[in-house]
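Reading the structure
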Amino acid sequence: MLSKLFRPKWQHADPSVRAAAVRKLREDNPAHIEILTQLATQDPAADVRLLAAGKITDIDQLINLLNEEQAHLSAIEQQLIHQLGQTNNPTSAFDRLINGQNNERAFQIVCSSGHGALLQDHLHQANHQQLLGIVLSNAPIQLRKEAAEKITSPTDIETLLKETRQSDKTIHKIMRDKLNALKEQERLTKQQTELAHDICSQMQQLSKGEWFPLYPAKQESLLSAWEQLDDRLPIDSLKETFAQALQQSQLRIDEHQATLEAQKREVERQEQAQQKAIELLEQQTLLVAQINDNHALVSESDWAHIKQAWSHISPTHEEQKATFSRQSLLLDEYFTHLSMRGQKISDAQEYVSALLPSELSALDNRALKALRSALTKALSTLNWPEQDAQPEPVAQLTETLNTVENLLRQEQQQKSATQQLIQQQLDELNRYIKAGEAKQADKFVKKLNDSFKSNQQKLSTAQEQHLRQLQAQLQELKDWQGYAVTPKKEQLCEEMEQLAAQDSMPAPEKSQRIKELQQQWKLLDSTDPIHSSLLWKRFKAASDTAYEPCEAYFSQQRELRAYNLSQREMIVAEVSQYLNTVNWDETYWRDIETVITAAKREWRRFIPVDRNPGQKIQQAFNELIVSTEARFKVIKEAALQQKEAIINDAHQLAQSDDPKAAAEQAKQLQEQWKEAGPTFHSQERKLWKRFRVECDAIFNRLTEHQQEQRSIINPRTELLAHTHTLQHFSVKPLALKTAVAAHHAGSEIIDNFPAISARDSQQFRKAAHQLEEQLQQLKRLEAQESTHAFIALTKELDQLEEQILSSKPTTAITVNINDCKGSLPDSLINAIKARQSAVEAVISSSASDIDDLLWAQSDRSLRELCIRLEIALGESTPESDHALRMEYQMQRLQQVLDQPLQATTLLDIRLLELEWSTVAFNQTFDTLCERFEALTHAVFEGMPA
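Presented here is a report on the structure given in the accompanying data block. (Residues numbered from 1 in each chain as written. Predicted model: local features only at pLDDT ≥ 70, side-chain atom pairs only at ≥ 80, totals over all residues. Heavy atoms only, no water.)

1. Overview of the overall build of the chain
Rule in force here: A run of H or I in DSSP counts as a helix once it spans at least four residues, and a run of E counts as a strand once it spans at least two, with each numbered from the N terminus. Note on exposure labels: buried denotes an accessible area under 20% of the residue type's maximum, exposed denotes more than 50%, and partly exposed covers the range between, all computed with a 1.4 Å probe on protein chains only. Any pair of residues with heavy atoms lying within 4.5 Å of one another is described as a contacting pair. Residue burial considers only the protein chains on display, and all accessible areas are found by Shrake-Rupley using a 1.4 Å probe.
Assigned secondary structure in the chain consists of 36 helices and zero strands. Each of the 945 residues in the chain was classed as buried or not, and the buried ones make up 35%. For the chain, restricting intrachain contacts to residue pairs at least 6 apart in sequence, the fraction spanning at least 24 positions comes to 69%. As displayed, the chain has an accessible area near 57,000 Å², and 49% of this comes from carbon and sulfur atoms.

2. Observations regarding the packing of aromatic side chains
How two aromatic rings sit relative to each other is set out by the distance from centre to centre and by the angle between their planes. For clarity, the cut-off: Note on ring pairs: Phe, Tyr and Trp rings are taken, using the six-membered ring of Trp, and paired if centres are within 6.5 Å. Classes follow the plane angle, with under 30 degrees stacked, over 60 edge-to-face and the rest tilted.
Scanning the model with the defined rule gives nine aromatic pairs in all. An angle of 75 degrees between the planes, with centres 6.2 Å apart, marks the rings of Tyr-563 and Phe-606 as edge-to-face. Linking Tyr-563 in helix 23 (residues 533-581) with Phe-606 in the loop between helix 24 (589-605) and helix 25 (611-654), this pair joins segments that are 43 residues apart in sequence. For Tyr-563, a relative accessible area of 44% translates into the label partly exposed. Residue classification places Phe-606 among the buried positions, given a relative accessible area of 9%. Aromatic side chains Trp-673 and Phe-691 sit 4.6 Å apart centroid to centroid with 5 degrees between the ring planes, which places their arrangement in the stacked category. Here Phe-691 lies in helix 27 (residues 681-710) and Trp-673 lies in helix 26 (residues 659-676), a separation of 18 residues in the sequence. With relative accessibility at 1%, the residue Trp-673 sits in the buried group. Here the aromatic residues Trp-211, Phe-212 and Tyr-215 are joined through ring pairs into a cluster of three or more.

3. Considering the pattern of salt bridges
Heads up, the rule is: Any Lys or Arg side-chain nitrogen found within 4 Å of a carboxyl oxygen on Asp or Glu counts as a salt bridge.
Per the stated rule, a full pass over the model turns up 21 salt bridges. For Lys-173, the salt bridge identified is with Asp-177, shortest N-O distance 3.0 Å. Within this pair, Lys-173 and its partner Asp-177 are both found in helix 13 (residues 169-208), separated by four residues, close to a single helical turn. Measuring nitrogen to oxygen at the nearest pair gives 3.0 Å for the salt bridge that ties Glu-887 to Arg-860. Pair noted here: Glu-887 is in helix 34 (residues 882-898) and Arg-860 is in helix 33 (residues 852-873), with a separation of 27 residues, a long-range link.

4. A look at the nonpolar core
The criterion, for reference: Throughout, nonpolar core names a set of buried Ala, Val, Leu, Ile, Met, Phe, Trp, Tyr and Cys residues whose side chains join them through atoms within 4.5 Å.
Of all hydrophobic cores here, the largest spans 42 residues; its most connected members are Leu-726, Leu-736, Leu-771, Leu-869, Leu-906, Trp-916 and Phe-940. Those elements that place two or more of their residues in this core are helix 28 (715-731), helix 29 (736-752), helix 30 (758-783), helix 31 (785-805), helix 32 (826-844), helix 33, helix 35 (906-916) and helix 36 (926-940). Per-element accounting of this core gives the leading share, seven residues, to helix 33. In this structure Leu-906 touches Phe-729, Pro-733, Leu-736, Gln-774, Leu-775, Leu-778, Val-939 and Phe-940, once residues within four positions along its chain are discounted.

5. A word on helix 29
An α-helical turn contains 3.6 residues, so any two residues separated by three or four positions project in the same direction. Selection criterion: Any helix carries an expected span of 1.5 Å times its number of residues minus one.
Taking 1.5 Å of rise per residue, 17 residues should cover 24 Å, and helix 29 covers 24 Å from first to last C-alpha, within 8% of that figure. Among the residues making up helix 29, those that are buried are Leu-736, Ala-739, Val-740, Ala-742, His-743, Ala-745, Gly-746, Ile-749 and Ile-750. The elements touched by buried residues of helix 29 are helix 28, helix 30, helix 35 and helix 36.

6. A closer look at the packing of helix 13 against helix 14 (residues 215-227)
For clarity, the threshold we go by: Each axis is a line fitted through C-alpha atoms, taken for helices only over the stretch in contact, and angles between the N-to-C directions span 0 to 180 degrees. If an angle is under 35 degrees, it is roughly parallel; if it is over 145, roughly antiparallel; if it lies from 65 to 115, roughly perpendicular; otherwise it is oblique. A crossing counts as left-handed when the near helix is turned anticlockwise from the far one by less than a right angle, and as right-handed when that turn is clockwise. The residue classification treats Ala, Val, Leu, Ile, Met, Phe, Trp, Tyr, Cys and Pro as nonpolar and Asp, Glu, Lys and Arg as charged. All others, Gly included, are polar.
Look at helix 13 against helix 14: their axes get within 10 Å of each other, and the N-to-C directions meet at 155 degrees. With respect to helix 14, the axis of helix 13 lies roughly antiparallel. The hand of the helix 13/helix 14 crossing is left-handed. Residue-level contacts link Ala-196, Ile-199, Cys-200, Gln-202, Met-203, Leu-206 and Ser-207 of helix 13 to Tyr-215, Lys-218, Gln-219, Leu-222, Leu-223, Ala-225 and Trp-226 of helix 14. Of the residues that constitute the contact of helix 13 with helix 14, the class distribution is ten nonpolar, three polar and one charged.

Worth remembering: the numbers are spatial, not functional.
Given below as structure tokens:
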């Protein structure tokens, strides 16, 4: 008990008391060192252990304490780490530390000390775990980078990637590069291995597959590819497989080469035999030629020698064999003939005496055939060669046989021609009967009978039977038609009487129906073998009664055509008189064009006219128009040159360094363009598009210049200006390009200047949203299939109308009107239907000109569309259309009273463009087209894709 009262304070139960005691202990006192060692390794309180260890400064003492068992070593390690950082000889201390501890623990302590020089000296001794510790330590960055470069283990690399992702970008980049390099090496190894498998597989297939011409080249290619593989690849099992396949394929190549050598030898043998056969054939042919030229020169021994030589060769050409056999037969027959020539001449003389008659013309057909048979048999028995000249008896037999053959052939040809003519007549009779033409068939039968009697023609048995069948069919047809035609004629009489009783039917339609019924009667009557005069009188009386109203109508039409002709003659006279008084140098040509246009319009009113006088007056009118248009051509060419000059000036202005001055001059050029007047229709729109491109470039440069000037303005002021631009566009949608530029510029200001107030930002975003919504509506409309079909249909109608104006309508409408239905309003669908119907009516009409009412309707519709767009955009209307604009505004005012009118959007303007394309012949109104396109261009210029 007393011992507890007198225990030293460093053994006190309270850690704070023990800590205070430790502070009083000194390291130069050996007794105190022992106490400090005990407390640093065994005290239960960590603070006390750290405090005690901090009093120990001797590195060897600290290294020895690390070997204590059952000791708390963390404090000792921390003090040792501290002392290593303070010592002047760290290498000696590190050696003592390694001798007393394992390498792992020693490197861990050194790494914790952060002693760069010590770590640098022992870096080459570190294993991968020690290197990992160095990289993660607080050592100098260059040392840690060297340690990182030495790490090669994928696991260690991935560990360092995770550990350094947020803390050390340099080490993280090194590890990421090393990991990418390892992956790339792994990928290359895998690729090389797959290539090796593929090459081996191809070599196996080659060794087992069919032979082909490039077999050796394929083997050499695979072998070359195999030799280029990396020797370090893990493909030992494949190497043996590849070697076996290579050996097998090489055996096949050797076998094939041996086969080729054998074939080559066989070809050489056949070529030699072939050459020998050619020589023998030449010798044989020479013998045959000698037979034809001079019998005395032919040697039978030469022929025997040739036959013996031929038997010793084996020619392969079938043609050579056939030639030799054919010529051999000739030679054998010739030499056989030589031995029997005298006997054959004696036999031929006997045949002449026995067979030849005194007069061939006295023989009938049967006797001629018997003589031909006997002569043929005699000549066959004699078998006189063609190469040997025939003696007199043989030639006499041959000549007589040819004469008999000619006589028989002529007789047979004459008989065949007669039979063919009879058959054609029977076929023609059959066609009459099949067509139901009983009258014609009956007449043809009588004609045939008369022909047979007069020419004494004989029919074959088959033809006689065919004629009897046709006569029976004809009689049946006559009986049937007499039974069937009468009710049809009675029905035609009833229809004609009903037609005569109808007073409400229009005269042209009634006249056409009378002609149809009369044509039907004529057709029936042509097939009726029995003609009823009673039915004909009934039908004729009804026809006359029905045609009486038509006579009055056609009389009126004649008077109308005469009136129209007189009016056209008056127009020609007035136009001719007007043109004779015109001074082309002083009169404004547009006034003359107005007169000519009015004359054309009046000319189209007075139709129809009689053909012959109408053509003459039409020619006179055309000559006046052509002469006038020739003068117009000169004026339009001048306008064309003037507009080309304006376009060139605009192009020069587009390159000007002063955008503002260029824009002012461009406005003056636009006025000059209007004053120049229209040129040729085919060039006007092209010139206008080119001029618009140059003007757009000028005003785009002005807009960019203004934006550059505004870039130095206060951001809030500029944002408010952009907001005002967008708000103004939502009310008056002009200059879409400017609005889009304001949208982009305002968005950049809000992104780059956070100090912009929320109220200003919200106001801008609201205006920008309205623009975005309009653009989205427009894109949705243009993305619809029905819209694409609608535009395609309008283009086809444009082409068809242009062809109508040139009198050559050839284009066919391929777009179905039902494909246009969908997102488009019903009013547009109905309008395009009306345009298509109007165009088809013009094509089907017999009139030579387009109805004046259609021109007037199109002109008014197009003017109203221009006015509607001008009102929507707040633009002025030309003075000539002020009254029409007032009329439309009154209608619009009534609509506002009935229903509030919404602001005009881009979608509304696009629908107006589509409505423009529903007006018939809209492309011919150049001035209105130019006026409408100028307005739409002002809206959609610079529209984003």
